Structure formats: C-alpha cells, structure tokens
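Topology and contacts: notes
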Amino acid sequence: MVSKVPGLVRYIVVRGLMVIPTILVLYTFVFLILRVLPGDPVLAVIGTRYIPPEQLERLRELAGLNKPLYEQYLSYLLGILRFDFGVTLVAPQGVPVWDYIKLRFPATLELTVAAFLISVIIGIITGILSAYFRGTILDESLRIYSVLAYTLFIPWFGMILQYIFGVKLQLLPTGGRISPGVHLESITGLYTVDSIVTLNLSAFIDSLKHLLLPSLTLGIVLSGAYTRLVRNNMIDVLVSEFVRSYKARGIREWKIALYSFKNAFIPTVTLMGLQFAILLGGAILTETTFNWPGMGTFIVDRIEYRDYNSIQGAIIFFALMVGLVSLIVDMVYALIDPRVRY
Amino acid sequence: MVLGLAVSRPIVVGVAVIVLILLLLGVYYFYVRAPTAPTTTPTPTTSPPLVKRAEQIIVGVTDKVTDLDPANAYDFFTWEVLSNVMEGLVKYEPGTLNIIPGLAERWEVSGDGRVWTFYLRSNLKFADGTPLTARDVVRSIERVMKINGDPAWLVTEFVDKVEAKDDRTVVFYLKNPVGYFLAVLATPPYFPVHPSYKPDAVDSDQTAGGAGPYRIARFIRDVEIILEENPYYYGPKPETKRVVIRFYRDATGLRLALERGEIDIAWRTLLPQDVEVFRKTPGYKVIEVPGTFIRYVVLNTKMPPFDNKVVRQAIAAVLDRSDIINRAIFGSGTPLYSLIPIGMMGHLDVFKDRYGDKNIELARNLLRQAGYSETNKLKIELWYTPTHYGDTEIYIATVIKEQLEATGLISVELKSAEWATYVQFIREGRLGIYLLGWYPDYLDPDNYMYPFLHSKANKWAGSGYANTEMDRILEEAQITVDMSKREKLYEQAQKILAEDVPYIPLFQGKLYIVVREGVTGIKPSPTMLFFYSTVYKEVKA
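Every chain is numbered independently, its residues counted from 1 as its sequence is written. Each chain takes a letter, starting from A, and each ligand takes a number, starting from 1, following the order in which they are written. Residues qualify for local features only when their pLDDT is at least 70, as the model is predicted, and side-chain atom pairs are given and counted only at 80 or more; totals for whole chains, interfaces and linings, by contrast, use all residues.

**Side note on the overall build of chain A**
In plain terms, the rule: By the criteria applied, helices consist of DSSP H or I runs no shorter than four residues and strands consist of E runs no shorter than two, each listed in order from the N terminus. Burial is judged by counting other C-beta atoms within 10 Å of a residue's own C-beta: 20 or more means buried, 12 or fewer means exposed, and anything between counts as partly exposed, with every C-beta placed from the backbone. Each residue gets a C-beta atom placed from its backbone, and two residues are in contact if those atoms lie within 7 Å.
A count of helical and extended segments in chain A gives 14 helices and zero strands. Mapped from its N terminus to its C terminus, chain A presents α and β elements in the order α-α-α-α-α-α-α-α-α-α-α-α-α-α. Referenced to the eigenvectors of the C-alpha coordinate spread, the extents of chain A come out at roughly 85 × 55 × 40 Å. A buried classification covers 39% of the 342 residues belonging to chain A. Long-range pairs, those at least 24 residues apart, make up 72% of the contacts in chain A between residues at least 6 apart in sequence.

Quick look at the structure:
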C-alpha cells in the first residue's frame, strides 16, 4: 500500500487538472448551441403578450442579450472560475443559479442514491443467481427480465406504478417529495436523512412513501444493465483456474461464490460509477413523471425559458459532478484491484 | 424436457414472455384507461350524514408562479395568485363582468375624463396589520413605473402622475381620457404592495403580499404555495381557512393526483379527453367556465401568397369552426366570428355575416379569381406549436388542413416549432399562416382589437397588417368615453377586419374545473382568474 500512495496522489492531481479542459469544451459547446437555437429568454417568457417595443429592448438589455457574444461568453466563464454560476435571466430574474442548484440537487441526490441502491441490489442478486444456476430456466428468466427491465419506457412504467399503487390500491402518493403540511427541518436537503436526524418519524415515513415509487421505477429499469454484466463476469470467474482449485481443495460452495463475486465485481464498479454519475444530472424522465423537484425538472424548465445562465450553470455543475464521481470510482477501482499500479 | 412435457425450452420461455406481455397490456387497458371513483364509506341510510367544512382545500395546477411581484408578473397564473393575496382599488364582482369597489369605496371622474379620484375605505391594513393608506397606493404604482417590468405598460401607457391627497384619497392624472380605465385599474400592476417589497427592484420571492383575503404562509418555488386567511382583510372572511396550491408538471400528473385524492380541485389544464371521462365518473363534478381567451389563425400580409387579400378571404370562407371544435378539441370551445369575444360590448359576428362557415363554393371562386386551379394549387405551410396551447393543437391543425384541401385547390403542409422558437419565427415575420391564442390583459374590446390591428402595436403578431383608417378608428375608440360611441367605432373596425382578414378568429375557449364531490362555491369569472375565497369543501363529520 505504501508504494501506491504517492502515485495515487499524482494520479488524482492529473485527473483533477483534466477536468478543466473538459469543462471548457463542454461550456463552449453549450454556449454556442444555446445562442444558435431560435428564441431568447425575453421572448420565451413574453411570448405573444403585448409589450411596447422600447420595453422589449430594455428587457433584452437587462438580460445582457445585447452584449457582443464574446463578451457574454467570457464574462460567464470568468464567473465560473470564481464559482459564480450567474443569475437567472427570467422567471424570476436575478436569482443566483447556485441557489437553485443548492435547492434542487439534494432532491436529485436522494432519488439517485435510492434508485441506485435498488438497481444494484436487484442487479447483483439476479446476476449472481443467473451465473450460479446458469443454463437453468431461472437463468433464462432472469436474463429475459434484464432485457425487459432495461427496455421499459420510464414514463410509461412510472405511470403504471402510479396507477396501481397510487390510484387503485391507494397505498402510495403519485408524485412530489412530501405531503403538504408536513413540517420538516431542512438540514441536508435529503428529506429522509433530515427526518431521521431530527427524529421526526411522521416526516420520515411520509418522505419515504414519496421516494418509493420513483426510485423503484428508475431502479428496476437500471437493474437490467447489471444482471447481464454481473452474470457474465461471474461465469468467467467461476470456470476459471483458481475456482477449480478451490473446488478441488473442498472449500465450501458459498465461500467460492463470495470469492468469485469479489473478482467479478470490478467491471461492475465501472458501470456503477458511470450510471451513478449520469443519474446525478437529473434522471429527467423519472423526475418529470413523478413531479420530483430535482435538477432534471430544473433543466427542462429552464430550457423552455431559454434561461442561458441557468442551463449553462446546471450543465457545468453536472460535468463537475461526473468528473468527481468518475475520479472516486477510479480510486475505488485502484483500491480493490490489486493489479492496478500508478 | 421441461416440466415433464416434451417441449423445448426456448418455446416455453417464449410463451412465458408472451404471457407476461399480455398481462402488462391487460393491466394497462383495464386500469389506466378508466379513472376510479374516489372511495367513500357508505353512509347508513337511517340518519342524515353530519357534514363539516374542511379546514384546507388543495388545488392542483400545471402552471407556474413566476414573480410574486405585480411589478413584473405578466403571466396568467401568477396574476391569479396575486389577485387572491392582494386587492386593487376596484375589482370584478365574482362571476360577472361588473366592476365593484375594492379597496376604494367610491370614485369620481373629472369632466374631461383625465382626472380620476378614488376614496379608500377606512382602517385598511396589510396582512400583518400594517396600515394601508393612500400613500401606499401611490408608492406601489410609482414603484411599478420605476421598475418598468413586463406589465409596466399597463400603468405607463395611461397614467401620467398619481398623488395621495390625504391618507385616504388617491388621484390619477391620465395622459389621455380613457373610457375603460376601471378595467385597467383592476389589473395586478395597480395593486398596493406591502412596504417590505424592494422599492427599486423586482422582488420575485417576496411573500409579504398585499391586502387581499388571503396571505402567503409558505412558498416553495415549483412545488407548492400555501395561502391562509388574512385576519386583517376588510371584507368577508374566506370560506376556507387554508388553500394549498400544488404545481404539477403535466396534465397526466394532474389527473392522477385528482384520482388519487391528493388534490380536491384540478384547475383548467386537464386534457379535454380526461374532462370527458370525469364527467361520467361518479364522485366528481365538472364545472364549465366560459373563457375570454380566443384562438385564431394569423395571416402574414407581407408574405406571398398571403399578401393577396383574395387568398386570405378564400381561407376565411372555407373554415368550418364547429367541425374543428367537435373533432379537434372535444367540444371545449364556442365558434367565434370576431376578435372581440362573445358577450363583450361591440361584438359582431362579422366573419359569419360575410363568409359563413364551410363556404366551399365562395372559397373556390375566390381562389380561381386569384389564379389557382386543380393543376396550379395554392401551396401553403400551416404552422402550429405542439404544447403551449395544449396537446390538442396538432388536431386543430390537422382538421384545418383537411378543410382547406377539401376545396381541391389548396395543398397544405403542416409544420411545428416549440414555443420559444415559434415566437421568434413569428416576430421575425418568417411564417405565413399559423395558429395563435390570446389571453386578455384587461376585459375591454380595446385589448382584443388594438394589439392586433393597430400598425404600431401588432409587431408581435407577425401579420404585418397596417391600415391607416383602422389605426384612426382604434385610436379614437381608446379616448372616447361615451360607451355607445365606442361601440359604433368597434363595429366599424370589425367590418374592416372581416374585409382585410389579417386574422381569422376560430373559437372562444371554455375552461374546465374538475372537483371532487363536496367542493362548492366555485364562482367562475370571465377574467378566468380563480378566486379561492368563495370555495369550500364539505366532508363527513
């Protein structure tokens, strides 16, 4: 382990620096696309309502739309370097984008973590069972399950769950994060965590009920990806030399399964990290179906309004999150895979 | 061998998959298509059920609140919220088009129509007990003028100066005499706001409110807004103490929430198909509100072939409004033959008188006159926007295409663009014929005619229409105070509209409120703003 540390530190620094050009390219790309897209923040909000032409010009001035493009580009970029994501241009105007991110990101984080856990648990269990009982009807059914699950169209699947559990069985709410009138002190922004920390049992149960359907919808769909991956990697390991030697030595079945799994886990971690990072951008389909006030719905709304600053800020934030998560994944990778050296 | 049968495994697995799919389809068909009646416990038939009023009512909407500041709010739903937590000097009597005293108990107009004096009621207070005087009225209106936000023109186009003569007297000096000033005065930019509002800037998340029947207890942007009764309101207490407004993303989410019982009222934006279903479901009531919003076709008089008046007239003649209403929007509209809505002063069915509906004969004659034939058809691109006015827009466009092509002399290509893009194209004058809608700013024929037909005011519409005679008539109608003279002027203007056809009115919308059984007291208003203070819900005690 000692030999790994300085190499690891250098690796982290290098990866950290690589984020900068990534963000730059992404920002430039988004900036240009937004400016090429017809419509601007003022028009998107005014629409066809009557407004005197001088007033329209004044509003465009306020939103900084009359400044030359390179100036708009540079001033926002310089802001990002100071961790200033700018202010919203419309509806409402002048609210720091960072305030919105602080408000909406915890919602996405809560949903992402819950869905992620569900998808990993289901995926790994089905993958292991599939691998262990390979060739049997169980294996075939689980593989079909994984394909079906991954192909499910989230809004449709979500609506079915909303209908069955929300409307027919009246068990769970159809949307939102918490029932109106339930008071919860906000510390982390993660309702389930906050309610535990403040020992608020009713809020905990209420927020958990709201979290269940969306995370189940997203979790089931994503689990499909893991099943096959875990299965195939486990099979590779199960038929390998070292497992056969374990069997020959008479080591018990469940121990063999455990060792095989630890080895098969490595490629899975990569996929897990990638999926988690992408989810942090706001699982847009899930959030819009379940009226979940996270980053996904935020970006969709802001695109309708052509709120350039909010869209740019949210996307850059997302890129930073993806960079961070993939860095963590790589570090975990390094720690659990003894073959990796820096 | 599987299960003792001599059947190969792939077939068994395949059959299992098919069964699974059929199961899912069955679930979808039986459960998702039809809504459920809300579950109610059966009441014993011996004694009458005891009822009591619910403390709280939950309203579901798919709109958003933009700025809780009348100096900048210019969208329909925010105006509705502001109209419940604030009040103006005058207001509309619930359910009617009559203007009645609000914060002002009476008023006077000078002989030349330029000076309006309002006398406030005594003992007015904001929602936290702070006294409301004439100086607050003046401060609020001057604030709107200074901040100069989106709706500021409603003040600055009319008002030159506003003064507080004393604690209870407000005087407006208008730029020109305006016959419909009271209608304009009833709009939110004129509402007095609490002193906490930032004096020089838009205060979008400010919850201090004004002096209306409710006050804002809590506002979580894009999630919910909670209103509670204002203890200091001068008028009658609202029927329900607490109103929660929940924001939903789309009509389907709204419908599901209503069926689940998460909301008591679904306001306006349910799909017409869903409204039909609720009509037939016990446990729900559908309330129809005659809307004052209009839908129409715009023709770009500067772009060939629409620069030819005869072509525009031909299109006006062909359209069959009832057909569109029945087939495209499930009956949720009334045929409209003028830009001025039915029921408003001056309304004339000019398009009906001149062209009728589905007048294919006349259309074909006009088109031939313009040089078109079966081999040389009029080729047009009909544009619409797929979500802004609701999901039914594509149906409207499709029916119109069918109607136009039925003449045998027109060939139509349908095109669409998302709202912000659509608006940009229109303002740039790039579209030739397209569908639009209009929600009024204030209820007066001026608001339905001037912004469309006056050459200085109609740039937003992209019709490029300019007619000096029309300009003159509209300007005169604005400053005439005599109502019958104004009516005559608008009748003249409508006749010119039907002759020049820069716009073809299609229908006047109907709004639907779907409520759970037990919800009463909804008084729909022609302003289409929903006043919550008369609503209550009766529940079993």
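**Description of the overall build of chain B**
The condition is simple: Throughout, the radius of gyration refers to the C-alpha atoms, and the reference size of a globule is 2.2 Å times the residue count to the power 0.38.
From N to C terminus, chain B includes 16 helices and 20 strands. In terms of C-alpha radius of gyration, chain B reaches 27 Å, essentially the compact-globule figure of 24 Å for 541 residues. Taken along the three principal axes of its C-alpha coordinates, chain B extends 100 × 75 × 45 Å. Burial status across chain B gives 47% buried among its 541 residues. Across chain B, every contact between residues at least 6 apart in sequence was considered, and the portion connecting residues at least 24 apart equals 70%.

**A closer look at helix α15 (residues 468–479) of chain B**
Residues and elements named next belong to chain B. Filter applied, for reference: An expected span of 1.5 Å times one less than the residue number is assigned to each helix. In this description, one arc is meant: the one made by directions from the helix axis to the C-beta atoms.
A rise of 1.5 Å per residue sets the reference length of α15, with its twelve residues, at 16 Å; its end C-alpha atoms lie 17 Å apart and thus fit the reference within 8%. Of the residues making up α15, those classed as buried are Met470, Ile473, Leu474, Ala477 and Gln478. Relative to the axis of α15, the buried residues are bounded by an arc of 135 degrees and lie together on one face. Counted as exposed and oriented over 90 degrees from the buried face of α15: Thr468 and Glu469. Tucked inside the fold, the buried residues of α15 contact α14 (445–453) and α16 (483–500).

**Some thoughts on the nonpolar core**
The cut-off we apply is this: Note on definitions: a nonpolar core is a set of buried residues drawn from Ala, Val, Leu, Ile, Met, Phe, Trp, Tyr and Cys, linked by C-beta atoms within 7 Å.
If you look at the biggest cluster of nonpolar residues, it comprises 135 residues, and the most contacted ones within it are Val297, Tyr434, Met449, Leu453, Ala493 and Ile504 of chain B. Excluding anything up to four places from it in sequence, Ile504 of chain B contacts Tyr296, Val297, Ile315, Ala316, Leu319 and Phe351 of chain B. By size, the runner-up hydrophobic cluster in this structure holds 91 residues, among which are Tyr163 of chain A together with Phe118, Val184 and Met528 of chain B.

**A look at the sheet that holds strand β7 (residues 159–166) of chain B**
Residue and element names in this part refer to chain B. Put simply, the test is: Pairing between strands is defined by DSSP: at least two bridges between them are needed. Between N-to-C directions, angles span 0 to 180 degrees; the directions come from axes that are lines fitted to C-alpha atoms, helices contributing only their stretch in contact.
Read from one edge of the open sheet, four strands run β5-β6-β8-β7, paired in antiparallel fashion. Sheet topology places β5 (104–109) and β7 at the edges, where each strand pairs with a single neighbour. Sheet twist, expressed as the mean angle between neighbouring strand axes with direction ignored, is 20 degrees. Across the face of the sheet, helix α3 (residues 134–147) comes into contact with β6 (115–120), β7 and β8 (169–174) while running at roughly 160 degrees to β7.

**Quick notes on the environment of Asp307 of chain B**
Residue and element names in this part refer to chain B. Secondary-structure assignment places Asp307 in the loop between β13 (284–299) and α8 (309–318). By C-beta crowding, Asp307 is classed as partly exposed, having 14 other C-beta atoms within 10 Å. Taking C-alpha positions, Asp307 is 9.6 Å from Gly464, a pair spaced 157 residues apart along the chain. Every residue in contact with Asp307, bar those within four places of it in the chain, is listed here: Thr301 and Lys302.

**Things to note about the interface of chain B and chain A**
Each partner contributes residues to the interface: chain B has 49 residues there, and chain A has 41 residues. Those elements that provide at least two residues to the side of chain B that touches chain A are α1 (9–32), β10 (224–229), β11 (242–247), α6 (251–260) and α13 (419–427) of chain B.

**Topic: the environment of Glu229 of chain B**
Residue and element names in this part refer to chain B. Assignment of secondary structure puts Glu229 in strand β10. Taking C-alpha positions, Glu229 is 9.0 Å from Gly212, a pair spaced 17 residues apart along the chain. Residue contacts for Glu229: discarding those within four places in its chain leaves Pro213, Tyr214, Lys237, Pro238 and Lys241.

**Some thoughts on the confidence of the model for chain B**
Residues and elements named next belong to chain B. Heads up, the rule is: Each residue carries a pLDDT score, the predictor's confidence in it, ranging from 0 to 100.
Per-residue pLDDT for chain B has a mean of 89; in total, 93% of the residues score no lower than 70. Per-residue pLDDT stays below 50 along residues 34–45; that stretch engages in 16 contacts with residues further than four places along the chain or on separate chains. Here the complex is predicted with pTM 0.80, and the ipTM for its interfaces comes to 0.76.

**Notes on helix α7 (residues 154–168) of chain A**
For an α-helix, 3.6 residues make a turn, and residues three or four places apart therefore share a direction. All names here are of chain A. We apply this condition: The bend reported for a residue corresponds to the angle between axes fitted to the seven residues ending at that residue and the seven starting there.
Here α7 spans 20 Å end to end across 15 residues, near enough to the 21 Å set by a 1.5 Å rise per residue. Along its length, α7 shows its largest kink, about 25 degrees, at Gln162. Every buried residue belonging to α7 is among Ile154, Phe157, Gly158, Met159, Leu161, Gln162, Tyr163, Gly166 and Val167, and all of these are buried. One or two positions beyond α7, positive phi appears at Gln170, with a value near 55 degrees.

**Describing the domain arrangement of chain B**
All names here are of chain B. Threshold: Start and end positions for the domains come from either an automated domain assignment or a database one. Any residue outside Ala, Val, Leu, Ile, Met, Phe, Trp, Tyr, Cys, Pro, Asp, Glu, Lys and Arg is labelled polar, Gly included; the first ten of those are nonpolar and the last four are charged.
Segmenting chain B into domains produces domain 1 (56–283 + 517–540) and domain 2 (294–509). Here the C-alpha centre of domain 2 lies 31 Å away from the C-alpha centre of domain 1. Taken together, the contact pairs 19 residues of domain 1 with 17 residues of domain 2. Mapped onto the side of domain 1 that touches domain 2, the elements with two or more residues apiece are α5 (181–185) and α7 (272–279). Among the residues forming the side of domain 1 that touches domain 2, the class breakdown is twelve nonpolar, six polar and one charged.

**Section: the confidence of the model for chain A**
Looking at chain A as a whole, the pLDDT averages 85, with 96% of positions reaching at least 70. Looking over chain A, one finds the lowest element-wise mean pLDDT in helix α11 (residues 253–279) of chain A, namely 77, and the highest in α7 of chain A, namely 91.

**Description of the pairing of strand β18 (residues 503–516) of chain B**
Residues and elements named next belong to chain B. In terms of burial, β18 is a largely internal element, twelve of the 14 residues being buried. Direction of pairing for strand β12 (residues 265–267) relative to β18: antiparallel, over a ladder of three bridges. When the bridges of β18 are listed, Trp267 appears paired with Ile513. For β13 and β18, the ladder comprises twelve bridges, and the chain directions are antiparallel. What sits directly across from Glu288, in β18, is Tyr512. In this sheet, β18 lies alongside strand β14 (residues 333–335) in antiparallel orientation, the contact comprising three bridges. Counted as the bridge partner of Thr334 is Gln508 from β18.

**Considering the sheet that holds strand β1 (residues 51–53) of chain B**
Residue and element names in this part refer to chain B. In spatial order, the strands read β1-β20-β19; together these three strands make up an open sheet with antiparallel pairing. Only two strands of the sheet have a single partner each, and these edge strands are β1 and β19 (519–520). Summarising the sheet, β19 and strand β20 (residues 536–540) pair through two bridges and their orientation is antiparallel. In the sheet register, Val519 faces β20, and the bridge partner there is Lys537.

**Re the packing of α7 of chain A against α6 of chain B**
Note the following rule: Roughly parallel here means an angle under 35 degrees, roughly antiparallel means over 145, roughly perpendicular means 65 to 115, and every remaining angle is called oblique. Whether a crossing is left-handed or right-handed is set by the direction in which the near helix is turned from the far one by less than a right angle, anticlockwise for left-handed and clockwise for right-handed.
Where α7 of chain A contacts α6 of chain B, the two axes come as close as 10 Å, and the packing angle between them is 15 degrees. It follows that α7 of chain A is roughly parallel to α6 of chain B by the angle criterion. Along this stretch, α7 of chain A crosses α6 of chain B, giving a crossing that reads as right-handed. Facing α7 of chain A, whose interface residues are Met159, Gln162, Gly166 and Val167 of chain A, α6 of chain B presents Thr252, Leu256, Glu259 and Arg260 of chain B. Residues of the contact of α7 of chain A with α6 of chain B, tallied by class, amount to three nonpolar, three polar and two charged.

**Quick look at the pairing of strand β16 (residues 410–416) of chain B**
Residue and element names in this part refer to chain B. Heads up, the rule is: A crossover counts as right-handed when, viewed with the strands pointing away from the observer, the path leading from the first strand over the helix to the second turns clockwise.
Sheet topology places strand β15 (residues 378–384) next to β16; seven bridges connect them, and they run parallel. When the sheet's bridge partners are listed, Ile380 is paired in β16 with Val412. Chirality of the crossover, the property in question, places the unit of β15, helix α12 (residues 393–405) and β16 among those that are right-handed.

**Regarding unusual backbone geometry**
Residue and element names in this part refer to chain B. Note the cis peptide between Pro304 and Pro305, where omega equals 0 degrees. Unlike most non-glycine residues, Asn123 shows phi in positive territory, near 60 degrees. Tracing the backbone shows Asn123 in the loop between β6 and α3. In this structure, Arg268 takes a positive phi of about 80 degrees despite not being glycine.

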